[in-house]
Amino acid sequence: QDKIYIPLVSKGFQHQFWQAVKAGADQAAAEFGVEVTFEGPDTEAQVDKQMDMLSAALAKKPAALGFAALDSQAATPLLRQAQEAGIPVIAFDSGVDSDIPATTVTTNNLAAAALAADKMAELIGGAGKVALVVHDQTSRTGIDRRDGFVNRMAEAYPDIEIVDIQYGGGDQLMSTEITKAMLTAHPDMKGVFGANEGSALGVINAVRETNTQGLVVIGYDSGAAQKAAIKEGLMAGAITQSPVGMGYETVKAAIAATKGETLPTTIDSGFAWYDATNMDAPEIAAVLYD
Amino acid sequence: MTGIDKHFPGVHALRSAQFDLHPGEVHALMGENGAGKSTLMKVLSGIYQPDGGTVEVSGEPATINGPRAAQALGIGIIHQELALMNDLTVAQNIFIGREPRRSFGRLDEAKLNADAQTIFAQMKVRIDPRAEVRTLSVARQQMVEIAKALSFRSRILIMDEPTAALNDAETNELFAIIRGLKAEGVGIVYISHKMDEIRRISDRVTIMRDGAYVGTVSAADTPIETIISMMVGRALESVHVDIPDLTSAPVALEVRGLNRGRIIRDVGFSVKQGEILGFAGLMGAGRTEVARAIFGADPRDSGEIIVHGKPATIRSPQDAVAAGIGYLSEDRKHFGLALGLDVRANVGMTSLARFSNAMGVLDEAALQKTAQDYIAQLAIRTPSDRQEVRLLSGGNQQKIVIAKWLLRNCDILIFDEPTRGIDVGAKAEIYRLMQALAADGKAIIVISSELPEVLRLSHRIAVMCEGRLTGILPGGPGTRQEDIMRLATQKHGAPEEALA
Amino acid sequence: MTTLPAATPARKPASGAQQKLLAFASLIALLVFFSVASPNFLQTSNMLAILQATSVNGVLAIAATLVIITGGIDLSVGTLMTFCAVMAGVILTNAGMPLPLGVLGAIAAGAVCGTISGTLVAKMKIPPFIATLGMMLILKGLSLIISGTKPIYFNDTPGFSEISTGSLIGRIIPSVPVPNGVLILFVLALVIGYVLNRTVLGRYCFALGSNEEAVRLSGVNTDAWKIAIYALAGSICGIAGLIIASRLNSAQPALGLGYELDAIAAVVIGGTSLAGGRGSILGTMIGALIMAVLLNGLRVMSVAQEWQTVVTGGIIIAAVYADMLRRRRAAS
Amino acid sequence: MTTLPAATPARKPASGAQQKLLAFASLIALLVFFSVASPNFLQTSNMLAILQATSVNGVLAIAATLVIITGGIDLSVGTLMTFCAVMAGVILTNAGMPLPLGVLGAIAAGAVCGTISGTLVAKMKIPPFIATLGMMLILKGLSLIISGTKPIYFNDTPGFSEISTGSLIGRIIPSVPVPNGVLILFVLALVIGYVLNRTVLGRYCFALGSNEEAVRLSGVNTDAWKIAIYALAGSICGIAGLIIASRLNSAQPALGLGYELDAIAAVVIGGTSLAGGRGSILGTMIGALIMAVLLNGLRVMSVAQEWQTVVTGGIIIAAVYADMLRRRRAAS
Ligand SMILES: Nc1ncnc2c1ncn2[C@@H]1O[C@H](COP(=O)(O)OP(=O)(O)OP(=O)(O)O)[C@@H](O)[C@H]1O
Ligand SMILES: Nc1ncnc2c1ncn2[C@@H]1O[C@H](COP(=O)(O)OP(=O)(O)OP(=O)(O)O)[C@@H](O)[C@H]1O
Ligand SMILES: [Mg+2]
Ligand SMILES: [Mg+2]
C-alpha cells in the first residue's frame, strides 16, 4: 500500500530471457524498496492478451508502468489512458512509436544481428550457405534479428547465400526438427544462426543428434545450455543482450520518473558478442545469465 | 415387491405398485404405454432406487442398490431399449463384465466366442459371435440381448418386450427357450403388448394402470377382453378390415425393377390411392431395405419410382418427402427421434417450413398447439410437450414418430413396424388412423412382422423372401397365415400374383 | 448409442431459465471474492476492461457454440478471425476502399471459409475436428501470406478503430462508456440466442446434434443446414476479426492460434455439451465472463503468473463441478 | 429359425487388418512424393530424423488414443509430459538421486496426475474436456513453479541422455542407429496395442466409449476402469516426458502447450473416432508418422514456412478424406 508499485508488462514470461529481465527487475525492486510485478503472454503473437494484462495493470493504479510492446500502435490507446492518469510509462526491450514513454530501455536488435552476421562471415570464410532458425515471423524481435542478419549479409558478403529461414516459435524441440531438415536439405551448409535462446538450443541439439561436424552455429542470448555449448565447441559464439540490466534499468527509470526526474529518450541496455575466448571476462560474465 | 413408489420430475411413475413371482412360472406384466411396467422392473433389477416400498427375494428382504447387487441375487433383465455396445462384437457384448480371463487380465477370446456360440446353439439362432453389433438388424440385436440375459443363468429373468422386434418364427423359438427355463425352475417376468402371446406363454397376469396395481389373474382362465378392459379401464371394440373397391382408383406409387446389391432383387409393385398394402416376410427378407430405397435413405442400384403416374427422381429423403412420400422407420432410437429434444421439436421435425415465416422464425404457439393436439389424439403419456423424448416410455416414443408423419400429411406413407411396443388400446387407435388415412385417399404401405396385424389391416399383402418379392396375396379373411408363410419361405421361382 | 434413461434422475425440463440463473452463481461468487480481495477490482474502468477482454473470446465462443450444438467442433475460430482481420486490412489499407466494404469483406470472408468447413463436414463427411484443424492451419498460413507476414495498420481509415473502441453508449450515458466491441458482443449474443431458440436454423442446430440421421429421414436437407450453420459461425468469426483488428488498430497475422481452446472452454463451462444437442448462448456468455473475470481478478490481485495458471485451471474445474452439483440438486 | 440364412451381416466392414493396410497408403504416397521431389529426403539419416521427430508426439498420441477410445479427450498430455520431465529433473538433478528413481518418479507422477483427471471425469462427472483443460493449466503452472521457471539440466546424470538419444539397436546393427526414443515408441505401441486388443482393460476402453451406460448396467465398475485408463495414459505421458527431457538433456518447464492438438490430430488422422468406441494404436502410429513425414518433407524441400502450414492443413484433410473413400469402397 505504502510501497511504490510498478507493474512490468512484458512480451513473454516463461522464456529464460524474460525470466532474466524479471530477475533484474526484482533486484532493483529489492534495492529501492518498491513492489514490482512481472507478466507476459504465452507467445509473442498474442497482442490482445497483452492489452488485457495492461488493462489489469492500470486498474491497480500503479506509480509507474514498464511495458515491452508486442505491437506499439495497438497499445497506444491504453498508454494514452496511462498518460491521462499521470502514470509514467517506461518502454523496454523495444520502442513504442509515440512520445508517451518517458524513456525506452532497449537493445538494438538490428545492429546486434548484424554483428552476428559479421561473425558468421568471418568464421565461414566469407562464402557459403547459411540458414536461420528464428523464433517468430511477426514479432518485432524476430523481424529485427532476421532482417539485421539477412541485410548485413546482402550488403557486405555477396558470396554468402542464405538458403533457408524457418521459424520454430522458440520451441527447442521444433527448432531441433527444423534444423535437422535443413541439414538434410543442404548438406553443404556452413552455418546456422539461431535468433533466440530456444532457437539456438534447438540448432545445437540437432547438431548433436546428427553428429554434424564443422557447422558454425551462432546463437543469441545466454543461459546455461548455450554457455555450455560454447565451452564444448558446439557453438561458435553468441550475441548477448543484457536482460538483467534491462529489467534493472527499467525499474530504476520508473522510480526516477515517479519523482519527476528527466530521463534520456533511450537507455541502451547494450549487447555484446561472446565466445569461448571472452566468456569469463568480467564485463561479459556480468551480462550473461544462467 | 410391495408398495413400490417412484417419482420422476413431473411424473409419479409408480404408486404403491406390487408384484410377486413364483419359481418356474411365467408371470406377464401388462399395462398401457407409460403404465410403469419398465420402471417397476428397473427397480427390481437395481437400476432405479424406489422412493418407497419393499422388495423381498426368496422371502428375504433385499436392498438392490445396483445392477451388480441384482446379478448377485440372480436377477437378470432384458431391457426394452437395447443396451448394447455397438462397436463391440456380439460375443464381447454378451460377456461384458464377465470375460473369460487368463493371467494378467488377458482375455481368452477363443473361449469367449465359443461360449457365445454355445448359447446361440441352444437358442437355435445363427448369429456370428464375431460380428460387430452395429452391423446387425434390430431383430438380431434383440436376439443378442436375449442371449446375454440367458448367459447369466438367473433365477429370475425379466423380459421387457423381448418380442417387439421379432417375427412369429423367432417368437416361437424364444417361447421354446422360455419353456426350457421354466422347467429348470426359473421365474420369468414377461412384458409384452402382444395379447396372443400372453395366453400362449404365461401362467399369471398382473395388470398395472397409471403406475398402480390393478390386479393379478390367471392367464388360462381370463378372457383377453377382460385383461384389456383392466388395462385401459374400458372395453375396446375390435378393428375389421373393410376392403374397399379400388378398381378405378388411380395408382399413387409404382416401383419398377428395384435392385440393391443382394439385399433387394428386382422388386416391383404398385399401391393405389386409398389402399393399404401390407408387407410380410421373415426377419431379413429385405422389406425395410425396400422401404429405405424408395424413400431415398439408401442408394439403389437401379429401379424406377413413379409417383402419381410421373417418374420421380428420388436421391434423398428430402426428395422423397417433396414427392409426397413419408417413411416411419422401424428403429425409432436411431432413425426416428432426436432423443435429446422435446416432444414438440420432434413432432415438428418434418414440417418446420409450415410453422415458420419467410425469415425462418418459428411460430412456437402453433407448434405447441399442434403438439398438444397429437398428444391428446394419440394419448401420448407425457407431462408436457416440453418433456425430453428420451424420458418417455418406449410406446409413447413410438407414438411421437407417428405424430410427426401424420403432421407432414404425405400422400404415400410407409409404416415400418408402426406398432412396435405399442399397447393394445393405442394399437387399435393407430389401426383406425391408418384406415382413416386410406379412406382419405392416401396410399399406405405397412411393413409388419406380426402376421395377424398384416392380415387385419391390409387390402393386399406383398410377401418377400431373401430380397425378392415372392407374391402378392389379397387381404381379408380369405387369406390364411399359412399362405403367407409359404411365400415367405419360397426361395426361388417367379413371383406369383394371386387373383384378387 | 442406445443410452438408457440415466439412472441418476434426469434434469428437470421446464426449469431452463432457473438452471441458467443458477449457473450465474459461480460468476457472482468470483466477482464478490475479487471485490473483497482487492479494492481496485470493482471500479467502472476495470469492469469495462473485463468486458472488453471478453469481447473477442465471447464472440468466438458464440460461433463455437453453434457448431458444438450440432455435435461438431470448430478449431478454426481463432485463425479464421485473424484471416478476416487481414482481409479487412487488405481491403481498407492495401486497396484503400471505404470502411463499409472492409466490414462486409471481413464478414463475407468468414462466411466463405465457414461454408468451406461446412462442406467438408457435411458433404465430404470429414470429421469436424479434422476439417477445422485443416482449416485452422490453412488460414494461419494464408493470413501470413496475404499480409506479407507483417501487421496491416488501419491508420488511413480513422473510423475503423471506432468499431471496437468507440462508445455509442458512452455518447448517451457518459458515465458508462461501454466500448462498442462489448456492445457488439451483447447484441450478437441476443441475436444468436434468438436464432437458436426461435428459428428453423436454431431448431436444426439442436436436432442435428441430437440425432442427425433422424433429421435426415424426416426429409430435411441436413447437409444444406449444416453448411449454413458453419457459414453463420464463420461470419461471426468475421465479426470477431473486426473487433480485434479495430481494438489493435491493426490486423496481426500471427495471432489466433490457441484462441480456439479458450472459446471452446467458454462454451463448455457454459454448460453446452460437446456431444451436441444441448447448449445455450447465455451459458456461453457466462462461461466467457467467468474466464475473463478470473484472469483479470488474479492479475489485479497481483498473483504471480505461474500461480495464475494453476488457480485458473482449478477454478474452471470447480465452476463446472459446482454447476453440475446445483443442477443435480435442482433436478431432485 | 433353423431355416434362416446364416447371419453374416450384409454390410460387412472391411476387416480390421485390411482397413489399416489401406490407411498406410497416404503415408506411402507422401513418402514417394517427397523422395521424388527432393534427392535428400530418402537417406537413412533423414528417415531416422523423421522417426525421432515422431517419438514424442507418437507417445503422447498413444496416451491420447486410450482416452479418446473411451469417448473422452485429454488436453493435458503436453503439459503433463512437461510436468513429468520436471519431476525427473527435480529427482535427478536437484535431489541427486540415481537414474532409475528419476525414471520411476516421472512415470509415477504421470500416473498420479492421470488418476486425478480420471477421478474428476469418472467420479465427479466433470466433462473430460474441462477436467483435462483444468489439469493442463494446473500442470503448466506447477511445472514453472517446481522448476523455478528455469530449465533443469541433467548434466550430473550422464546416462539420462541415453534414454532417448543412445541407440541399443545401433550397438547390434551399427548401420541402423535407431535412437532409443524411437525404440521406446515402437515397443510402447506394441504393448499398448496388445493391452487394447487382448486385455480386460482394453475391452472396457472400447466398451466405455461405445455405451458407458450399458457397461454400467452390466454390473461393471465403470468408474474404477475409467480411472485406470486415465492413469495408464498419464504414465505414458510420463514416458514422453522422459524422452523429451533426455533429448533436450533438460526439463524445459515452458514447453508442452499446443502439443495436445498435435497428439489428438495424429489420433484422429489414424482413424480413431472422437465419439469413442473405435480406434487403434496402429492407426495412431500412422497418423503420427504422416504428420512427421509431412513436416520434414516440406522442410527438406525448403518450402516457405507459411506455405508449409497451408499445405499441412490441406494434406491432413486430404489424407483423412482419401482414407474415408477407401473405407467406403472397401465396405461395399
Ligand atoms: N428417467 C425418467 N425420467 C422421467 N420420467 C420417466 C423416466 N423414466 C420413465 N418415466 C416416465 O414414467 C412413466 C412410466 O414409464 P415406463 O417406461 O415404466 O412405462 P411402460 O409401462 O414400460 O410403458 P411402455 O409400454 O410404453 O414401455 C412414463 O410416464 C414415463 O414417461
Ligand atoms: N444395418 C444393417 N447392417 C447390415 N446388414 C443389414 C442392416 N440392415 C439390414 N441388413 C441386412 O439386409 C437384409 C434385409 O434386411 P431388412 O432389415 O430390410 O429386412 P426386413 O425384411 O425389414 O426384416 P426385419 O424384420 O429384420 O426388419 C438382411 O439380410 C439384413 O441382415
Ligand atoms: Mg416399457
Ligand atoms: Mg424391417
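Bear in mind the structure is a predicted one, so any value in this text is a computation, not a measurement. (Residues numbered from 1 in each chain as written. Chains lettered and ligands numbered in written order. Predicted model: local features only at pLDDT ≥ 70, side-chain atom pairs only at ≥ 80, totals over all residues. Heavy atoms only, no water.)

Brief notes about the site of ligand 2
- Around ligand 2, the structure places 16 residues, and the nearest of them are Thr 135, Arg 287, Thr 288, Glu 289 and Glu 330 of chain B.
- Residues near ligand 2 are shared among chains B and D, making this a multi-chain site.
- One nitrogen or oxygen atom from the main chain of Thr 135 of chain B is found 2.8 Å from a nitrogen atom belonging to ligand 2.
- Here an oxygen atom of ligand 2 and a side-chain polar atom of Arg 287 of chain B are 2.8 Å apart.
- Out of a free accessible area of 620 Å², ligand 2 has 86% covered by protein chains.
- Counting residues per element, the shell around ligand 2 draws most heavily on helix 9 (residues 287-295) of chain B, which supplies three residues. (Near = heavy atom within 4 Å. Polar contact = N/O pair within 3.5 Å; in protein donor to acceptor, adjacent residues only side chain to side chain. Areas by Shrake-Rupley, 256 points an atom, 1.4 Å probe, with all protein chains shown as cover. Helix = DSSP H or I, 4+ residues; strand = E, 2+ residues; numbered from the N terminus.)

Some thoughts on the pattern of salt bridges
- In total, this model carries 54 salt bridges over all chains according to the counting rule given.
- Between Arg 152 of chain A and Glu 155 of chain A there is a salt bridge, and its shortest N-O distance comes to 3.8 Å. Here Glu 155 of chain A and Arg 152 of chain A lie together in helix 5 (residues 140-156), a separation of three residues that amounts to about one turn.
- Residue Glu 155 of chain A is classed as exposed on the basis of its relative accessible area, which comes to 60%.
- Close ionic contact of Asp 223 of chain C with Lys 123 of chain C constitutes a salt bridge, the shortest N to O distance being 3.8 Å. Within this pair, whereas Asp 223 of chain C is found in helix 10 (residues 222-248), its partner Lys 123 of chain C is found in the loop between helix 4 (99-122) and helix 5 (128-147), the two being separated by 100 residues in sequence.
- Here the salt bridges do not stand alone but share partners, grouping Glu 177, Lys 180 and Glu 209 of chain A together with Arg 247 of chain D into one network. (Salt bridge = Lys/Arg side-chain N within 4 Å of Asp/Glu carboxyl O. Buried < 20%, exposed > 50% of the residue type's maximum accessible area, 1.4 Å probe, protein only.)

Brief notes about the coordination of the magnesium ion (ligand 4)
Residues and elements named next belong to chain B.
- Those protein atoms acting as donors to the magnesium ion (ligand 4) are Thr 288 (OG1) and Glu 330 (OE), and they sit at 1.8 to 2.6 Å. Remark: Glu 330 occurs in the loop between strand 17 (325-328) and helix 11 (332-336) and Thr 288 occurs in helix 9; sequence separation between them is 42 residues.
- When its relative accessible area of 19% is taken as the criterion, Glu 330 is described as buried. (Donors = N, O, S within 2.8 Å, 3.2 Å for Na, K, Ca; no water.)

Details of empty space enclosed by the protein
All names here are of chain B.
- Across all of its chains, the model carries 13 cavities of 30 Å³ or more by this definition.
- For the second largest cavity, the calculated volume is near 240 Å³.
- Elements represented by at least two residues in the lining of the second largest cavity include exactly helix 5 (138-151) and helix 11.
- The dominant element in the lining of the second largest cavity, judged by the number of residues it contributes, is helix 11, at three residues. (1 Å grid on protein atoms, 1.4 Å probe; cavity = no way out; pocket = protein on both sides within 12 Å on 5 of 7 lines; lining within 4 Å. Points joined across faces, edges and corners; volume = space filled by probe spheres on them.)

Topic: the interface of chain C and chain D
- Taken together, the contacts link 46 residues of chain C with 46 residues of chain D.
- For the pairing of chain C and chain D, the buried interface totals around 3,700 Å² over both sides, and the portion due to carbon and sulfur atoms is 86%.
- Its largest share of buried area at the contact with chain D, chain C owes to Phe 129, Leu 261 and Ile 317 of chain C, together 17% of the area lost on that side.
- Summed over the shared surface of chain C and chain D, the result is zero salt bridges.
- In this assembly, chain C and chain D are joined by zero residue pairs in polar contact (both at pLDDT 80 or more).
- Where the side of chain C that touches chain D is concerned, the elements lending two or more residues are helix 5, helix 11 (259-269) and helix 13 (305-331) of chain C.
- The residue inventory of the side of chain C that touches chain D, partitioned by class, reads 32 nonpolar, nine polar and five charged. (Contact = heavy atoms within 4.5 Å. Buried area = accessible area lost by both parts, 1.4 Å probe. Nonpolar A, V, L, I, M, F, W, Y, C, P; charged D, E, K, R; others polar.)

Focus: the interface of chain C and chain A
- Across the contact, 29 residues belong to chain C and 24 residues belong to chain A.
- Summed over both sides, the interface of chain C with chain A buries roughly 2,500 Å², with 49% coming from carbon and sulfur.
- When the buried area of chain C at its contact with chain A is split by residue, Arg 247, Arg 299 and Gln 305 of chain C rank highest and sum to 27% of it.
- Our count for the chain C to chain A interface comes out at 12 residue pairs in polar contact (both at pLDDT 80 or more).
- Within the residue set of the side of chain C that touches chain A, elements represented by two or more residues are helix 2 (44-69), helix 10, helix 11, helix 12 (281-300) and helix 13 of chain C.
- For the side of chain C that touches chain A, the residue count by class is 13 nonpolar, 12 polar and four charged.

Structural notes on the nonpolar core
- Phe 67 of chain A together with Leu 253, Phe 269, Ile 294 and Ile 325 of chain B are the most contacted members of the largest nonpolar core, which totals 305 residues.
- Counting 40 residues, the second largest nonpolar core, distinct from the first, contains Ala 91, Val 133, Ala 147 and Leu 157 of chain B. (Core = buried A, V, L, I, M, F, W, Y, C linked by side-chain atoms within 4.5 Å.)

Points about the side chain of Ser 210 of chain D
- Along the chain, Ser 210 of chain D falls in helix 9 (residues 200-217).
- Residue Ser 210 of chain D is classed as buried on the basis of its relative accessible area of 9%.

Some points on the coordination of the magnesium ion (ligand 3)
All names here are of chain B.
- Every protein donor of the magnesium ion (ligand 3) is listed here as Ser 38 (OG) and Gln 80 (OE1), and their distances to the metal cover 1.9 to 2.0 Å. In this pair, Ser 38 is assigned in helix 1 (residues 37-44) and Gln 80 in the loop between strand 7 (75-78) and helix 3 (90-94), connecting sequence segments 42 residues apart. There is no split in this pair, since Ser 38 and Gln 80 are both buried.

Brief notes about the relation of the copies chain C and chain D
- Overlaying chain C with chain D gives an RMSD of 0.1 Å, the required rotation being 180 degrees about an axis along which the chain moves by 0.1 Å. Expressed as a symmetry operation, the mapping of one chain copy onto the other fits a two-fold axis.
- The overlap is high: 89% of the interface residues of chain C also sit at the interface in chain D, so the same surface is used on both sides. (Least-squares fit on C-alpha atoms with pLDDT ≥ 70 in both.)

Concerning the site of ligand 1
- Neighbouring ligand 1 are 21 residues, the closest being Gly 34, Ser 38, Thr 39, His 193 and Ser 393 of chain B.
- One finds residues of chains B and C in close proximity to ligand 1.
- Within the side chain of Thr 39 of chain B, one N or O atom sits 2.5 Å away from an oxygen atom of ligand 1.
- Starting from 630 Å² of accessible surface for ligand 1 in isolation, the protein chains cover 96%.
- Of all elements in the fold, only strand 2 (11-17), helix 1 and helix 14 (394-408) of chain B reach the threshold of two or more residues within the shell around ligand 1.
- Take the shell around ligand 1: its biggest share by element is three residues, from helix 1 of chain B.
- Across the shell around ligand 1, the residue classes tally to eight nonpolar, 10 polar and three charged.

Looking at the confidence of the model for chain B
Residue and element names in this part refer to chain B.
- Counting all residues, the mean pLDDT for chain B is 88, and 96% of those residues have values of 70 or more.
- Ranking the elements of chain B by mean pLDDT puts strand 22 (residues 496-497) last, at 46, and strand 19 (residues 443-447) first, at 95.
- Counting contacts from residues 493-500, a segment whose pLDDT is below 50, to residues more than four positions away or on other chains yields 16 contacts. (pLDDT = per-residue confidence, 0-100.)

Brief notes about the sheet that holds strand 13 (residues 264-272) of chain B
Residue and element names in this part refer to chain B.
- Spatial strand order, 13-12-15-16: four strands in an open sheet with antiparallel pairing. At either margin of the open sheet sits one strand with a lone partner, and together these are strand 13 and strand 16 (310-311).
- Of the strand pairs in this sheet, strand 12 (residues 251-260) and strand 15 (residues 302-307) are connected by five bridges, and their pairing is antiparallel. The residue bridging Glu 254 from the neighbouring strand is Ile 306, located in strand 15. (Pairing = 2+ DSSP bridges.)

Let's talk about the packing of helix 9 (residues 200-216) of chain C against helix 10 of chain C
All names here are of chain C.
- The interhelical angle for the contact between helix 9 and helix 10, taken along N-to-C directions, is 135 degrees, at an axis separation of 10 Å. One finds that helix 9 runs oblique with respect to helix 10. Seen along the crossing, helix 9 lies across helix 10 with a hand that is left-handed. Of the residues in helix 10, those in contact with Val 200, Leu 201, Tyr 204, Cys 205, Leu 208, Glu 212, Val 215 and Arg 216 of helix 9 are Thr 222, Trp 225, Lys 226, Ala 228, Ile 229 and Leu 232.
- Its residues assigned to classes, the contact of helix 9 with helix 10 shows 10 nonpolar, one polar and three charged. (Axes fitted to C-alpha atoms, helices over the stretch in contact; angles between N-to-C directions. Parallel < 35°, antiparallel > 145°, perpendicular 65-115°, else oblique. Left-handed = near helix turned anticlockwise from the far one by under 90°.)

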